[in-house]
Amino acid sequence: HMVWRNGTARGAAIAAGGAASAVAAIARQNTMLAAAARASDINGDESDGVAIIDLAKRSVTTRCVAPAGAGAVVRVAWDAQLPQLLYAGTASGRLLVYNSRARTKVDAPKDDNTPTSSRGSAKTVQTCKLVHSIEGHAALPLSLAVVKGYVLSATAELLAAHNVSGLYGRQK
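Thresholds, definitions, all that
As a convention, each chain's residues are numbered from 1 in the sequence order in which they are written. The predicted nature of this model means local features are confined to residues of pLDDT at least 70 and side-chain atom pairs, given and counted, to a pLDDT of 80 or more, with totals for whole chains, interfaces and linings taken over all residues. The side-chain quantities take in all heavy atoms of the structure and omit both hydrogens and water. A run of H or I in DSSP becomes a helix once it reaches four residues, and a run of E becomes a strand once it reaches two; helices and strands are each numbered from the N terminus. The contact rule is simple, with two residues in contact once any of their heavy atoms fall within 4.5 Å. Counted as salt bridges are all cases of a side-chain nitrogen of Lys or Arg within 4 Å of a carboxyl oxygen of Asp or Glu. The buried label goes to any residue with under 20% of its type's maximum accessible area, the exposed label to any with over 50%, and the partly exposed label to all in between, with areas taken from a 1.4 Å probe on protein chains only. Counting rule for disulfides: a pair of cysteine sulfur atoms within 2.5 Å. Two strands pair if DSSP finds at least two bridges between them. Every angle, taken between N-to-C directions, lies between 0 and 180 degrees, and every axis is a line fitted to C-alpha atoms, over only the stretch in contact when it is a helix. Nine residue types can take part in a nonpolar core, namely buried Ala, Val, Leu, Ile, Met, Phe, Trp, Tyr and Cys, and a core is a set of them joined through side-chain atoms within 4.5 Å.

Asker: Looking at this model, I keep getting lost on the environment of Ala 91. Mind explaining?
Answerer: Residue position: Ala 91 is located in the loop between strand S8 (85-90) and strand S9 (95-107). The spatial distance from the C-alpha of Ala 91 to the C-alpha of Leu 142 is 7.5 Å, given a sequence separation of 51 residues. When neighbours within four sequence positions are excluded, Ala 91 is seen to be in contact with Ala 72, Val 74, Ala 139 and Leu 140.

Asker: So what exactly am I meant to see when it comes to the pattern of salt bridges here?
Answerer: Side chains that carry opposite charge are capable of pairing whenever their charged atoms lie near each other. According to the stated counting rule, one finds one salt bridge in the structure shown. A salt bridge links Glu 135 to Arg 94, with the nearest nitrogen and oxygen atoms 2.8 Å apart. Of this pair, Glu 135 sits in the loop between strand S10 (122-134) and strand S11 (143-147) while Arg 94 sits in the loop between S8 and S9, placing them 41 residues apart in sequence. Residue Glu 135 is classed as exposed on the basis of its relative accessible area of 53%. Judged by its relative accessible area of 17%, Arg 94 is buried.

Asker: Just to check I follow, could you spell out the state of the cysteines for this structure?
Answerer: Disulfide: a covalent bond connecting the sulfur atoms of a pair of cysteines. Under the criterion given, the structure shown has one disulfide. Through a disulfide, Cys 64 is tied to Cys 128; the S-S separation comes to 1.9 Å. Torsion about the S-S bond of the Cys 64 and Cys 128 cystine: about 90°, corresponding to right-handed handedness. Of this pair, Cys 64 sits in strand S6 (residues 59-65) while Cys 128 sits in strand S10, and the two are 64 residues apart along the sequence. Note on Cys 64: relative accessible area 0%, which makes it buried. You can call Cys 128 buried: its relative accessible area is 14%.

Asker: Is there a simple way to think about the environment of Ala 145 in this case?
Answerer: Tracing the backbone shows Ala 145 in strand S11. When the C-alpha atoms of Ala 145 and Tyr 87 are compared, they prove to be 9.4 Å apart, with 58 residues separating the residues in sequence. Dropping the residues within four chain positions of it, Ala 145 is found in contact with Tyr 150, Val 151 and Leu 152.

Asker: Would you explain the sheet that holds strand S13 (residues 159-163) in this entry?
Answerer: Within a sheet, adjacent strands bond to each other through the backbone by hydrogen bonds, running parallel or antiparallel. Across the sheet, which stays open at both edges, the three strands sit in the order S11-S12-S13 with antiparallel pairing between neighbours. Either end of the sheet is taken by a strand with one partner, and the two such strands are S11 and S13. Ignoring strand direction, the axes of neighbouring strands in this sheet form an average angle of 20°. Two elements, S11 and strand S12 (residues 150-154), share five bridges in a ladder whose sense is antiparallel. Each residue of the ladder has a partner; that of Ala 145, found in S12, is Leu 152.

Asker: Is there a simple way to explain unusual backbone geometry in this structure?
Answerer: Working note: non-glycine residues mostly have negative phi, and peptide bonds are mostly trans. Even without glycine at this site, Asn 30 takes up a positive phi of about 55°. With respect to the secondary-structure elements, Asn 30 resides in the loop between strand S3 (25-29) and strand S4 (32-40).

Asker: Help me understand the nonpolar core, please; the structure alone is not making it clear to me.
Answerer: When a protein is soluble and globular, its nonpolar side chains tend to lie buried together. Counting 18 residues, the largest nonpolar core has Val 50, Ile 52, Val 76, Leu 86 and Tyr 98 as its most contacted members. At the level of elements, S3, S4, strand S5 (46-54), strand S7 (73-78), S8 and S9 are the ones that each hand at least two residues to this core. Once residues within four sequence positions are removed from consideration, Ile 52 is found in contact with Met 32, Leu 33, Ala 34, Ser 59, Val 60, Thr 61, Thr 62, Cys 64, Trp 78, Leu 86 and Ser 100. Listed in part, the twelve residues of the second largest apolar core include Ala 77, Leu 82, Ile 134 and Leu 167.

Asker: What am I meant to see in the sheet that holds S7 here?
Answerer: Strand order in the open sheet made by the four strands is S7-S8-S9-S10, with antiparallel pairing throughout. Of all the strands in the sheet, the pair left with one neighbour each is S7 and S10. The average angle at which neighbouring strand axes cross in this sheet is 35°, direction not considered. Direction of pairing for S7 relative to S8: antiparallel, over a ladder of five bridges. For Val 76, the partnering residue across the bridge sits in S8 and is Ala 88.

Right, dumping it as structure tokens:
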């Protein structure tokens, strides 16, 4: 499945979902696009989650993987206050909160082409980290909206306002 930059055929085609997966939801924050879809990882294992696409770089920059049992991600929304916070609603009614710009240290490859001085050294990479999960919401159909300090989630039976302002201090 492809997302066309600027909606034209002249733009770059960016792979966003897996071979058997349609993009379920899209949310944009400046040049970042969050696309909810099932995708394969490097080992070929499929998982539900969100692909973060940098439109300026024309590539998927990171992937937010939903925890086991969370179900398919069907709605996504960016935070109004902190642009790195991403909210993902699942088909089972779970609300996942990700830091899409978390930094993680990884070991550099130890191959023969790497200079001796940098072999085995750690480098910092940008990852997507699950920082909070809100349970107990009604299942589909789920809608999300964000206002400063709150995430609103709604189904036909329930409208809930989740105070997320406490997350703002933890994202530094």
